[in-house]
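A closer look at the structure
What follows is the residue order along each chain.
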2 protein chains.
Amino acid sequence: MKKKALVLSPESRLKEVCSDKCRTLLNEHFDVSWNETGKDYTKEELAEMVSDAEVIITSWGSPSLSEEALEKAVKLHSIGHAAGTVKNLVPKQIFSRGVRVFSAAPRIALSVGEYCLAALLASLRHLPTLDASLRAGQWRELGLKGRELTGSTIGIISASSTARAFIKLLAPFQVNVLVYDPYLSEEAAAALNVTRASLEEVMSCPIISVHAPKLPATERMLTRELLALIPNGAVFINSSRGPVVDEQAFMDELNSGRFFAALDVFEKEPLVADSPIRSLPNVLITPHVAGASVQGHLSLMEEVVKDIIRGLNEEKTTYEVSERMWEVMA
Amino acid sequence: MKKKALVLSPESRLKEVCSDKCRTLLNEHFDVSWNETGKDYTKEELAEMVSDAEVIITSWGSPSLSEEALEKAVKLHSIGHAAGTVKNLVPKQIFSRGVRVFSAAPRIALSVGEYCLAALLASLRHLPTLDASLRAGQWRELGLKGRELTGSTIGIISASSTARAFIKLLAPFQVNVLVYDPYLSEEAAAALNVTRASLEEVMSCPIISVHAPKLPATERMLTRELLALIPNGAVFINSSRGPVVDEQAFMDELNSGRFFAALDVFEKEPLVADSPIRSLPNVLITPHVAGASVQGHLSLMEEVVKDIIRGLNEEKTTYEVSERMWEVMA
């Protein structure tokens, strides 16, 4: 008999994260209860529905799977989150109940990695600036000459899944990658083909990419003193979270015009309408979309469903979140 | 005794293409005559100076090394061009005189390859459009979702050195690369890990990159009929030469808004001030700078000098241009 699976996302949200292949896969392997209400379930509706669910599939907008909501979910085996972090979705206690938790966050990391390379190369070659100057009727009046990435040194803050996705894409560029991450072992660094470094060393690189998760320990970890280390002419990329950076100190540095920044995240989002960041010439700014892509989103549910099936078959899983991982997650 | 080398570029141009390392290398290996006139030599000055030159080093702006100019260059062994194509620099007859010709064009190809990946990723992720929308006070109002490169199919027109540099950078993206090039053998395609395809197949890919040299045979090779094959939603990149494309037909296609183009080259350059291309929403435009980068330019002379030394030592050369290559060059 097929196991019972409860898919929490209504159709409107499902179509973004669940491919046709994923629908087929779910129906083949599970007795699926699809959300046909046209809206997200409330906490109360959810509490009523979980009693026979063996697998629960969630995505953005799904109600929190609190202890209370899952009180009657006595048959629950696996929770798969077709989105990013599960930190706010499942409580830590779920692990002690033996429920296995899966998150598609590493799949999102690929989109972030591609964004980082896109933003880095576009910044090195002044693409947005040149495009704007041509639209303004110019040709080469700015006298800008781009820079190559090949052979550069890149400083990475935190060896997170997004950093790892980015590092993989750097392979053909023969770059020298320095990583600051207190949890990265010498062996893991060697396997990634990177060198462990201090935060000061990383912040002194000509290219810097921030991948630190938002945690109490990382809040404003990039202090005024550290931001002052960014070399003139550097490219600084933040695709993680705004509050990791002391934004006022960062604005003071940016105002000098001495380096370029590609910023996808900000202290306050949406970025306030009159933010001075919006008019700086030395930034490339995007609305927190580094992790968002058509293909990436459409793969999310399929990836976690496949992994849950692997888990049920007692095969090696890829997207499973352990209690230890949950603790250091953003 | 050191061989006599004649460096044609004046200091003002030399500093862009000749690194300190290259100056040292030249002085170590040759008895160098540097151009201290502050300007390019005229044809007449050159004709007077070549009689004892065994090596001539040129770059942008150097006078053409015509048969006439080289009449007295009886000791000439090698010509090294620290720039792109040597087609307009040396006449075909030079080869029958046994002079070896070197061009740094393949070094420029790396900058072009990086530009292509930069333009492609920036286009897929709508970076210039999003940056402009944030500067206009918006956040996510455009509702644009980017696309990933990983797993895509890419059509390449001409397996030139710039195409090969681009293809190398695509390695981590697990893409499927189709190449149209009448000179590309099955074996060479396999070595590049690409598939040979017809021009029609390549023009039907969701990502298309043009690398064809400007030759009589390639003029307007991308006809109205071929341009009509570009799929909706595609990204089309031209980093080779404007005249390869039927620009009026291309404008008609672009005006439909049905695909996006990253254009570094145009039929007429500089792009005319009132060109309608300048105001299209679905293009990323740059002023013919794909091959221009600080590091790339500063490596040019060093690369050809090193290769000339290899040639003199009867070692394998990298940048040497054969008579056969000269014929199919742009």
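Residues numbered from 1 in each chain as written. Chains lettered and ligands numbered in written order. Predicted model: local features only at pLDDT ≥ 70, side-chain atom pairs only at ≥ 80, totals over all residues. Heavy atoms only, no water.

**Overview of the interface of chain A and chain B**
Every contact between the two is made by 55 residues of chain A and, on the other side, 55 residues of chain B. Buried surface at the junction of chain A and chain B, both sides included, amounts to about 4,900 Å², of which 59% is carbon and sulfur. The tally of links from chain A across to chain B stands at 4 salt bridges. Measuring nitrogen to oxygen at the nearest pair gives 2.8 Å for the salt bridge that ties Arg107 of chain B to Glu148 of chain A. Applying the counting rule to chain A against chain B returns 42 residue pairs in polar contact (both at pLDDT 80 or more). Elements that contribute at least two residues to the side of chain A that touches chain B include exactly α5 (105–124), α6 (127–135), α7 (161–169), β12 (283–285) and α12 (294–312) of chain A. Of the residues forming the side of chain A that touches chain B, the biggest block, 10 residues, is contributed by α5 of chain A. Class assignment for the residues of the side of chain A that touches chain B results in 29 nonpolar, 13 polar and 13 charged. (Contact = heavy atoms within 4.5 Å. Buried area = accessible area lost by both parts, 1.4 Å probe. Salt bridge = Lys/Arg side-chain N within 4 Å of Asp/Glu carboxyl O. Polar contact = N/O pair within 3.5 Å; in protein donor to acceptor, adjacent residues only side chain to side chain. Helix = DSSP H or I, 4+ residues; strand = E, 2+ residues; numbered from the N terminus. Nonpolar A, V, L, I, M, F, W, Y, C, P; charged D, E, K, R; others polar.)

**Details of the relation of the copies chain A and chain B**
Overlaying chain A with chain B gives an RMSD of 0.0 Å, the required rotation being 180 degrees about an axis along which the chain moves by 0.0 Å. The symmetry that links the two subunits is that of a two-fold axis. Judged by C-alpha distance, Pro128 of chain A is the residue of chain A that lies nearest the rotation axis, at 2.6 Å. When the interface residues of chain A are mapped onto chain B, 100% of them are again interface residues, pointing to one common binding face. (Least-squares fit on C-alpha atoms with pLDDT ≥ 70 in both.)

**A few points about the UniProt feature "domain: D-isomer specific 2-hydroxyacid dehydrogenase catalytic" (unreviewed entry) in chain A**
Within the UniProt annotation, "domain: D-isomer specific 2-hydroxyacid dehydrogenase catalytic" (unreviewed entry) is assigned to residues 19–321 of chain A. Helix makes up 34% of residues 19–321 of chain A and strand 16%, with an end-to-end C-alpha separation of 23 Å. (UniProt positions renumbered as here; feature names shortened; annotations may be inferred.)

**Points about the domain arrangement of chain A**
Residue and element names in this part refer to chain A. Under the domain assignment used here, chain A contains domain 1 (3–106 + 294–328) and domain 2 (148–285). With centres defined by C-alpha atoms, the gap from domain 1 to domain 2 works out at 32 Å. Here domain 1 packs against domain 2, burying approximately 270 Å² in sum over the two surfaces, 60% of which is carbon and sulfur. On the domain 1 side of the interface with domain 2, the three residues burying the most area are Pro106, Arg324 and Val328, jointly 79% of the side's total. For the interface between domain 1 and domain 2, the tally reads 0 salt bridges. Across the side of domain 1 that touches domain 2, the residue classes tally to 2 nonpolar, no polar and 2 charged. (Domains from an automatic or database assignment.)

**Concerning the pairing of strand β7 (residues 176–180) of chain B**
Side-chain positions along a regular strand alternate between the two faces of the sheet. Residues and elements named next belong to chain B. Sheet topology note: the strand β6 (residues 153–157)/β7 ladder contains 5 bridges and is parallel. Residue Gly155 lies in a different strand from β7, and its bridge partner there is Leu178. Pairing analysis gives 2 bridges linking β7 to strand β8 (residues 195–196), with the strands arranged parallel. Its bridge partner being in β8, Val179 is matched across the sheet by Arg196. Running through helix α8 (residues 186–192), the crossover from β7 to the neighbouring parallel element β8 is right-handed. (Pairing = 2+ DSSP bridges. Right-handed = clockwise from strand over helix to strand, strands pointing away.)

**Quick look at the packing of aromatic side chains**
All told, the structure shown has 6 aromatic pairs over all chains when counted by the stated rule. Where Phe266 of chain A meets Trp139 of chain B, the ring centres are 6.0 Å apart and the plane angle is 70 degrees; that geometry is what we call edge-to-face. Within this pair, whereas Phe266 of chain A is found in the loop between β11 (260–263) and β12, its partner Trp139 of chain B is found in the loop between α6 (127–135) and β6, the two belonging to separate chains. Assigned by exposure class, Phe266 of chain A and Trp139 of chain B land together as buried. Members of the aromatic cluster, joined through ring pairs, are Phe236, Phe250 and Phe259 of chain A. The residue whose ring lies beneath Lys87 of chain A is Trp326 of chain A, and the NZ or CZ to ring-centre distance is 4.7 Å. (Phe/Tyr/Trp six-rings, centres within 6.5 Å; stacked < 30°, edge-to-face > 60°. Buried < 20%, exposed > 50% of the residue type's maximum accessible area, 1.4 Å probe, protein only. Lys NZ or Arg CZ within 6 Å of the ring centre and 35° of its normal.)

**Side note on the packing of helix α5 (residues 105–124) of chain B against helix α7 (residues 161–169) of chain B**
Residue and element names in this part refer to chain B. Packing of α5 against α7 brings their axes to within 7 Å, and their N-to-C directions diverge by 55 degrees. The angle between the axes of α5 and α7 places the two elements in the oblique class. Of the two possible hands of crossing, α5 and α7 adopt the one that is right-handed. For the pair α5 and α7, contact is made by Pro106, Ala109, Leu110, Val112, Gly113, Glu114, Cys116, Leu117 and Leu120 and by Ser161, Thr162, Ala165, Phe166 and Leu169, respectively. Class assignment of the residues belonging to the contact of α5 with α7 gives a composition of 10 nonpolar, 3 polar and 1 charged. (Axes fitted to C-alpha atoms, helices over the stretch in contact; angles between N-to-C directions. Parallel < 35°, antiparallel > 145°, perpendicular 65-115°, else oblique. Left-handed = near helix turned anticlockwise from the far one by under 90°.)

**Considering the packing of α5 of chain A against α12 of chain A**
Residue and element names in this part refer to chain A. Relative to each other, α5 and α12 sit at 165 degrees, their axes nearing to 9 Å. Between α5 and α12, the crossing angle belongs to the class labelled roughly antiparallel. Like other packed secondary-structure pairs, α5 and α12 cross with a definite hand, here right-handed. Contacts between α5 and α12 involve Arg107, Ile108 and Ser111 from the first element and Gln295, Gly296, Ser299, Leu300 and Glu303 from the second. Its residues assigned to classes, the contact of α5 with α12 shows 2 nonpolar, 4 polar and 2 charged.

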